[in-house]
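Fold and geometry: a report
What follows is each chain in one-letter form.
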Amino acid sequence: MRPKILGVIVFVATFTSVALAQEPPLKSITYRLSMSRPVSHLFEVSILIELPDELKDKPLQVQMAKWSPGRYGVFDFAKNVQEVSATTGLCPPQTRCGDVSVRPVTRVDDQTWSVEPMRSTALTVSYKVFANDLDGTFSQLDTRHANYNGGSIYMYVVGHKPDPVKLEIVAPTGWKIVNGRTEHPGQTIWNFPNWDILIDTPTEIGPDWTLDTFEVDGKKYHVMVHSFGAEGGKRAGLVKDIEKIVRAEVAMWGPPEFEEYTFLIHFAADDRSGDGMEHLTSTQIIQPGALGEPGVYDSTLDTVAHEFFHVWNVKRLRPLGLGPWDFTRPANTRGLWVAEGFTNYYGHLMTRRAGLWDDKKFLDREATTITRVEYAPGNRLMSAEESSLSAPFIDGVEHVQAMNLQNTAISYYPKGELIGMVLDLLVRGGSKGKASLDDVMRDMYEEFYVKSPNSSYYLRGRGYQTEDLERIVERRSGHDFSDFFKRHVRSVELLPYDEAFGHVGLRLVKTQSKEPYDAGLGINFEDRQAIVSVVISNSPAEDAELQAKDQIVSLAGKNVGEDWRKTLARFKPGDSVPVTIKRDRRTINTNLVLRQPERFDYKIEERPDATAEQKALRAAWLSGK
Ligand SMILES: [Zn+2]
């Protein structure tokens, strides 16, 4: 029970409806961002607000979002906010603008501050935000650069998210600013139709990034690269390959809505794990390692193919529940298996259509996803729609409380990827090649983004529901898909792989996993101690009564090192391996009885009896022609 949060929701809902019904828009909202001391990791933000006369006696609330679009975990950005203050006048700290007086600021709850205008129609609310994560959701300011994602930096004025906003950035000397809405070099001021678009425009500010540009069908694409390690002369090739991906995806969807688009790419060397985040006219890609290092180039293109597909799928064509948002509570949507899962599928397919992969590489990649999904215990417990609704728990969230998600959850990324691929092949097969999931996606884009009347101030069109996708799949294929959606989208039944691959003369081959045994155990090393991290349900580890957080002292009579799997691999299924653990300050001896792994590896191969017609369907699928 969380009655306090419930209280906030009720309050905000009431306030918003009052605000929309009666409260006029603010006369102006200007965000001013400065960074006078990069080494401190503190962004300095001022919000300059001009109030209409009717609002000068009402408290004004500003709020830090709890999460931001594209990543559905709740992070409470307010935790990094400090020194909130307010004065009269449009006057950020450090600027000289005559007489100003202080206005009282009260913290209302975990994310909200209230300011008393006291009859003043011009107010400046100022605060600092600590930011030291290079990431698709958080932000970073240090001596190398500033890179921000607006949701973690900019408060909104409660009730006024739809109002137009202006942004002014004051960068350190010699640092240049770039984002997906840069119109000319040296630009420091932007206007946005509303706060949502402000935070949809991640921005890089630094002394030494590079910018390459290419054109596809009259639209301009910029590739900003900021490298913390050696590029090994690979940047020009990378830009050329990004252009191939753009061409393949534009060939499927048709011309994108924007005139210019910017890839913001960091080669982050040793800085945390990778990330990619989609935006309306840009993407943030954080790639660990250096461009010159093995594997980094290909991994970057993988992310590019995924994020650029989001230009259509999720940023514009979006499931119901994805915008406009209430940032006081997590997002709830059933459609992330389409928004992210189909994007995973098409990211791979487009890399093949762009000519960067051959057929085998694409089919091997999908087979790897099948192996991963079919082995995950949560795949038989959590449907694609439920996985989407669980996003706030499973999307990049670290857990303090003990949980069982490793046994019960499945990510909508790989699960949706497989549903997308199977659906595509069933539509292609069922319509004898007359239709495909490409057609379905284009129809969805037309109907829900281009042609629907706007359902809110946020973007064009309206959100779709699973039933809408089902209807369009049926219309395009000429077949009833209600059973498919019931079994494989709203429930957890095995996908009809054989039927789907059969249409294109392929088959799925299942072989016993090469893993020599199954233990159902995960071990983490903390302070050189081996600590049980995962116990899979109904596994040998659970039979041995092992528990998460047990300290393993010895395994098969030996000390436990990072190579513990090799120790177990010397035994066969059926063997009993002695394990000594410490729990509750006691030493406990038990036996781990290994099993034959019920784990399979999948491969997608050509059927020996594939017909010419099936091969033609396959060629059309893989080439997009
Ligand atoms: Zn994505």
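We now turn to the structure provided with this report. Computed from a predicted structure; not experimentally measured.

Once that is clear, we can look at the overall build of the protein chain. If you tally the helices and strands in the protein chain, you get 17 helices and 27 strands. For a compact globule of 625 residues, the expected C-alpha radius of gyration is about 25 Å, and the protein chain comes in at 27 Å, within 12% of that figure. C-alpha atoms of the protein chain, sized along the principal axes, occupy 80 × 70 × 50 Å. Relative to its 625 residues, the protein chain shows a buried fraction of 55%. Across the protein chain, the fraction of contacts at a sequence separation of at least 24, relative to all contacts at a separation of at least 6, is 70%. With an accessible surface of roughly 27300 Å², the protein chain has 50% of that area assigned to carbon and sulfur atoms. Averaging the locations of the 75 positively and 85 negatively charged side chains of the protein chain gives two centres separated by 1 Å.

Moving on, we get to the coordination of the zinc ion. Taken together, His306 (NE2), His310 (NE2) and Glu340 (OE) make up the full set of protein donors to the zinc ion, lying 2.0 to 2.1 Å away. Site description for the zinc ion: donor spacing in sequence, H-x3-H-x29-E. Linking His306 in helix α4 (residues 296–309) with Glu340 in helix α5 (residues 336–353), this pair joins segments that are 34 residues apart in sequence.

Inspection of the secondary structure assignment puts Glu606 in strand β27 (residues 600–606). We classify Glu606 as partly exposed; its relative accessible area is 38%. Between the C-alpha atom of Glu606 and that of Phe501, which follows or precedes it by 105 residues, the distance is 9.3 Å. Once residues within four sequence positions are removed from consideration, Glu606 is found in contact with Gly505, Leu506, Arg507, Lys615 and Arg618.

This part is about the packing of helix α10 (residues 412–430) against helix α17 (residues 612–623). Relative orientation of the contacting elements α10 and α17 amounts to 130°, with a least axis distance of 11 Å. Taken together, the axes of α10 and α17 lie oblique to each other. When the axes of α10 and α17 are compared, the crossing they make is right-handed. Residue-level contacts link Met421, Asp424, Leu425, Arg428 and Gly429 of α10 to Leu617, Ala620 and Trp621 of α17. Here the residues of the contact of α10 with α17 sort into 5 nonpolar, 1 polar and 2 charged.

This part covers the sheet that holds strand β13 (residues 176–179). Spatially, 4 strands are ordered β9-β10-β15-β13 in an open sheet, and the strand pairing comes out antiparallel. Every other strand in the sheet has two partners, leaving β9 (140–141) and β13 as the edge strands with one partner each. Of the strand pairs in this sheet, β13 and strand β15 (residues 203–206) are connected by 4 bridges, and their pairing is antiparallel. Residue pairing in the sheet places Asn179 in a bridge with Thr203 of β15.

By the definition in use, this model includes 42 salt bridges. The residue Glu231 makes a salt bridge to Arg235 at a minimum N-O spacing of 3.1 Å. With relative accessibility at 22%, the residue Arg235 sits in the partly exposed group. As a salt-bridge pair, Arg352 and Asp359 come within 2.4 Å of each other at their nearest N and O atoms. Residue class for Arg352 comes out buried when judged on its relative accessible area of 18%.

Look at the link from Gly323 to Pro324: it is a cis peptide, with omega at -5°. Assignment of secondary structure puts Pro324 in the loop between α4 and α5. Unusually for a residue other than glycine, Met118 sits at a positive phi of about 50°. Take Met118: it is sitting in the loop between β7 (112–115) and β8 (122–130). According to the relative accessible area criterion, Met118 is partly exposed, its value standing at 48%. Here the phi dihedral of Ala556 falls at roughly 55°; this positive angle occurs in a residue that is not glycine. If you trace the backbone, Ala556 turns up in the loop between β24 (551–555) and α16 (564–569).

This paragraph deals with the packing of aromatic side chains. Counted according to the given criterion, the structure contains 36 aromatic pairs. Ring plane angle 70° and centroid distance 5.5 Å describe the contact between Trp195 and Phe327, whose orientation is recorded as edge-to-face. Taken together, the residues Trp195 in helix α2 (residues 195–199) and Phe327 in the loop between α4 and α5 connect sequence positions 132 residues apart. Given the relative accessible area of 0%, Phe327 is considered buried. Between Tyr412 and Tyr413, the ring centres sit 5.2 Å apart and the planes meet at 25°, which makes this aromatic pair stacked. With a relative accessible area of 2%, Tyr412 lands in the buried category. When its relative accessible area of 21% is taken as the criterion, Tyr413 is described as partly exposed. If you follow Lys161 out to its NZ or CZ, it ends over the ring of Tyr156, 4.6 Å from the centre. When the ring centre of Tyr375 is taken as reference, the NZ or CZ atom of Arg599 above it lies at 3.9 Å.

Take helix α12 (residues 466–477) next. Over its 12 residues, α12 extends 17 Å from the first C-alpha to the last, a length consistent with the 16 Å expected when each residue adds 1.5 Å. All buried positions along α12 are accounted for by Thr466, Asp468, Leu469, Glu470, Ile472, Val473 and Ser477. Against α5, α7 (384–389), α10, α11 (437–451) and α13 (482–489) lie the buried residues of α12. Once α12 ends, the next one or two residues include Gly478, with phi positive near 75°.

Burial runs high along β8: 7 of the 9 residues are buried. Relative to β8, strand β2 (residues 42–50) runs antiparallel, the two being bridged by 9 bridges. Its bridge partner being in β8, Ser46 is matched across the sheet by Ser126. Here strand β4 (residues 81–88) pairs with β8 via 6 bridges, running antiparallel. Note that in β8 the partner of Ser85 across the bridge is Ser126.

Turning next to the sheet that holds strand β20 (residues 282–287). Overall, mixed pairing links the 5 strands, which are arranged β16-β17-β18-β20-β19 in an open sheet. At either margin of the open sheet sits one strand with a lone partner, and together these are β16 (210–216) and β19 (275–278). Ignoring strand direction, the axes of neighbouring strands in this sheet form an average angle of 15°. Pairing of β16 with strand β17 (residues 219–227) involves 7 bridges; the strand directions are antiparallel. By the bridge assignment for β17, Phe214 is matched with Tyr221. Sheet contacts for helix α3 (residues 235–253): β16, β17 and β18 (260–267); angle to β16, the most-contacted strand, approximately 35°.

Quick notes on the rules
Residues numbered from 1 in each chain as written. Predicted model: local features only at pLDDT ≥ 70, side-chain atom pairs only at ≥ 80, totals over all residues. Heavy atoms only, no water. Helix = DSSP H or I, 4+ residues; strand = E, 2+ residues; numbered from the N terminus. Rg over C-alpha atoms; globule rule 2.2 N^0.38 Å. Buried < 20%, exposed > 50% of the residue type's maximum accessible area, 1.4 Å probe, protein only. Contact = heavy atoms within 4.5 Å. Areas by Shrake-Rupley, 256 points an atom, 1.4 Å probe, with all protein chains shown as cover. Lys, Arg positive; Asp, Glu negative; His and termini not counted. Charge placed at Lys NZ, Arg CZ, Asp CG, Glu CD. Donors = N, O, S within 2.8 Å, 3.2 Å for Na, K, Ca; no water. Axes fitted to C-alpha atoms, helices over the stretch in contact; angles between N-to-C directions. Parallel < 35°, antiparallel > 145°, perpendicular 65-115°, else oblique. Left-handed = near helix turned anticlockwise from the far one by under 90°. Nonpolar A, V, L, I, M, F, W, Y, C, P; charged D, E, K, R; others polar. Pairing = 2+ DSSP bridges. Salt bridge = Lys/Arg side-chain N within 4 Å of Asp/Glu carboxyl O. Phe/Tyr/Trp six-rings, centres within 6.5 Å; stacked < 30°, edge-to-face > 60°. Lys NZ or Arg CZ within 6 Å of the ring centre and 35° of its normal. Expected span 1.5 Å × (residues − 1).

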